[in-house]
Amino acid sequence: MSTLLKYLKVFAILIASFFAFSVLSCLIPGKCVQKNIEKSLPELLEEGNYPKVILKGKQYMQDNFTDALILNIVVSSGFKPPVQSAMENTHFSQYPDDTVFCYTIKHLDYKLKNMDLSPNGIYSRYWFGSAAVCRILLLIMNYQDIKWLFCIVSTLLLLIFAVKIVNKAGWIKSLPLFLALLFANFFVTQFSIQFFPVIAIALIGGIIMCDHGQKPIPKLSMHLFVIGMFTAYFDLLTTPLLTLGLPLLVYMILQSEEDKSMGKILISISILCLSWLIGFACAWTSKWGLAAVFTDSNAIGAMDAIIWRITDRGSRWSAIVRNVTQLPLVWLNTVLCVYLLLTFLNFNKKRIKWAIAFLIVGLFPYIWYFILSGHSIPHWWFTYRLQILSMGSVMSALVALIDWERLNSKLKTIRAFFTNFTTK
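Given the structure is predicted, the values throughout are model-derived calculations rather than measurements. For every chain, the first residue of the written sequence is number 1, and numbering continues from 1 along that sequence. Per-residue local features are limited, in this predicted model, to residues with pLDDT of at least 70; the limit for side-chain atom pairs, both in listing and counting, is 80 or more; totals at the level of whole chains, interfaces and linings are taken over all residues. Side-chain numbers come from the whole structure's heavy atoms, not from hydrogens or water.

Only buried Ala, Val, Leu, Ile, Met, Phe, Trp, Tyr and Cys residues count toward a nonpolar core, and they belong to the same one when joined by side-chain atoms within 4.5 Å. To sort residues, take the accessible area from a 1.4 Å probe on protein chains only and compare it with the maximum for the residue type: under 20% means buried, over 50% means exposed, and anything in between is partly exposed. Core analysis: the largest hydrophobic core is formed by 119 residues, its most contacted members being L108, F161 and M252. Contacts were defined at the residue level, with two residues in contact if any of their heavy atoms lie within 4.5 Å. Filtering out sequence-adjacent residues up to four positions away, M252 remains in contact with I269, W354, A357, F358 and V361.

A word on a nonpolar patch on the surface. A contiguous nonpolar patch, built from L266, F347, I352, I356 and I360 and spanning about 370 Å² of accessible area, is present on the exposed surface. Secondary structure elements are defined from DSSP: runs of H or I of at least 4 residues count as helices, runs of E of at least 2 residues count as strands, and each element is numbered from the N terminus. In terms of residues, the nonpolar patch owes the most to one element, helix α16 (residues 352-362), which gives three residues. Within the secondary structure layout, I352 lies in helix α16. Residue I352 is classed as partly exposed on the basis of its relative accessible area of 34%. Every patch collects residues that have over 30% relative accessible area and no salt bridge, joining them within 9 Å if they carry like charges and within 5 Å if they are nonpolar side chains (Val, Leu, Ile, Met, Phe, Trp, Tyr). Per-residue and other accessible areas were derived by the Shrake-Rupley procedure at a 1.4 Å probe size, with only the shown protein chains allowed to occlude residues. Every case where a carboxyl oxygen of Asp or Glu lies within 4 Å of a side-chain nitrogen of Lys or Arg is listed as a salt bridge.

Below, the discussion takes up the confidence of the model for the protein chain. By definition, pLDDT measures how confident the predictor is in each residue, and it falls between 0 and 100. Confidence in the prediction for the protein chain averages 88 pLDDT; 92% of positions are at 70 or higher. Helix α13 (residues 299-310) is the least confidently modelled element of the protein chain, averaging 57 in pLDDT, while helix α20 (residues 387-400) averages 96, the highest of any element.

This paragraph deals with the pattern of salt bridges. Taken as a whole and assessed by the stated rule, the structure comprises four salt bridges. Across the salt bridge formed by R406 and D403, the nearest N and O atoms sit 3.8 Å from each other. Classification of R406 by relative accessible area gives partly exposed; the value is 38%.

Only the contacting stretch of a helix is used when fitting its axis, a line to C-alpha atoms as for every element, and angles between N-to-C directions run 0 to 180 degrees. Running from N to C, helix α12 (residues 262-294) and α16 point in directions that differ by 30 degrees, and their axes come no closer than 10 Å. Our classification of the angle between α12 and α16 gives roughly parallel. Here α12 runs over α16; the crossing is right-handed. Counted together, M262, I265, L266 and I269 of α12 and K353, W354, I356, A357, I360 and V361 of α16 form the full contact between these two elements. The residue makeup of the contact of α12 with α16, split by class, is nine nonpolar, no polar and one charged. Here the angle decides the label: under 35 degrees means roughly parallel, over 145 means roughly antiparallel, 65 to 115 means roughly perpendicular, and every other value means oblique. Each crossing gets its hand from how the near helix is turned against the far one by less than a right angle, where anticlockwise is left-handed and clockwise is right-handed. Gly falls in the polar group here, along with every residue not listed as nonpolar (Ala, Val, Leu, Ile, Met, Phe, Trp, Tyr, Cys, Pro) or charged (Asp, Glu, Lys, Arg).

Let us look at the environment of P51. Relative to the helices and strands, P51 is located in the loop between α2 (30-47) and α3 (64-75). Relative accessible area serves as the criterion here: at 14%, P51 is assigned to the buried category. For the pair P51 and S393, spaced 342 residues apart in sequence, the C-alpha to C-alpha distance is 31 Å. Sequence-distant contacts of P51, defined by excluding residues within four places in its chain, comprise Y60, M61, Q62 and N64.

Multiplying 1.5 Å by the residue count of a helix minus one yields the expected span of that helix. Along its 27 residues, helix α7 (residues 143-169) runs 38 Å from first to last C-alpha, staying within 8% of the 39 Å computed at 1.5 Å per residue. For α7, the complete set of buried residues consists of Y143, Q144, I146, K147, F150, C151, S154, L157, F161 and I165. The inward-facing, buried residues of α7 abut α2, α3, α6 (129-137), α8 (171-183), α9 (196-212) and α11 (242-255). Two or three places before Q144, at the start of α7, stands the capping residue N142, its side-chain oxygen 3.0 Å from that residue's backbone nitrogen. Looking at the residues trailing α7, positive phi occurs at G170, about 90 degrees. Definition of a polar contact: a pair of N or O atoms within 3.5 Å, with one able to donate and the other able to accept a hydrogen when the atoms are protein atoms, and with sequence-neighbouring residues admitted only if both atoms are side-chain atoms.

Below you can see the structure in the form of structure tokens.
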């Protein structure tokens, strides 16, 4: 009972904090941030909804479409009472030319040129925590400055995470995580209001797990519960599973030297996953309830959106295939072949249990694609990044199956042979 009360207390404090922060940010009138948004509008109009970063291919696309919607929500605050504005996420969503339907950048442009127009759209099923943060940042910087700030923050988080995980687990066990981030084009997420929160929360979760990964499961489950809640506050259903997956992989990597039974391993993983899921689901549905209490919104619209996302739009298997094919399969398969060769030559049967556990976790993104096929098919160009979890899991499983002591012994023998040969 005391544990339940602790979770309820944390839940209540965070929901109250989310609500208060969103409402207080809406006290900032849209006209206070108008100039800074206008400075970046020409670039947004030139780039369009989905500009590509560095390389060609949809997997390198930015989501200016959603970023413009977030900026629209920011600049539209002040027309309604702060509580209503925060709960409804009001914005302007019309344009005289019907040919620009769903062109949120044009909607933003029209709103900025007609600031006296009242918002006519609502988006109440999400918290839009990013809008609350950007509303404050836009007082002192423009959209481009915010993107650079996010890039700096995510880079620093990655460096801190890299130092901590390598110090804790060594570079051999850490390498699969870095390769997974690389193969999923981590750099694309650094310049987007839409994508940044998930990768930042995932890295923070990984850092926390590096520091606390050896603690008992009950303490770790609270961390995952809180991470799930923050994910629901900031994310717009992009790749939320990453905020569970990265900390979970760090936990498993740190624990993989211990000789635990398969049952204990799976129970630990299940508790952590369930804690994250409860935090995520409760924080998200709480937004529906608060919106219903303080506005005319109700949960029906949110439920309709969920049904739309789980509706099969062609084939559930095609959702999996479409996401898999966005990975750099040549490079990924090359790395896997190297790991497989090392596993074949230096097999470590003592870590089979951990390898199986890694592979089970690696299935999570594909279960997500299968269930949420209505979301994963049209949005494959960013949902494919969920496979950071899959790639990291598979490579970590192979690393666990390699007897590194035997491999080092062989390398020393080979090195000694060539040293003797060259000195003769």
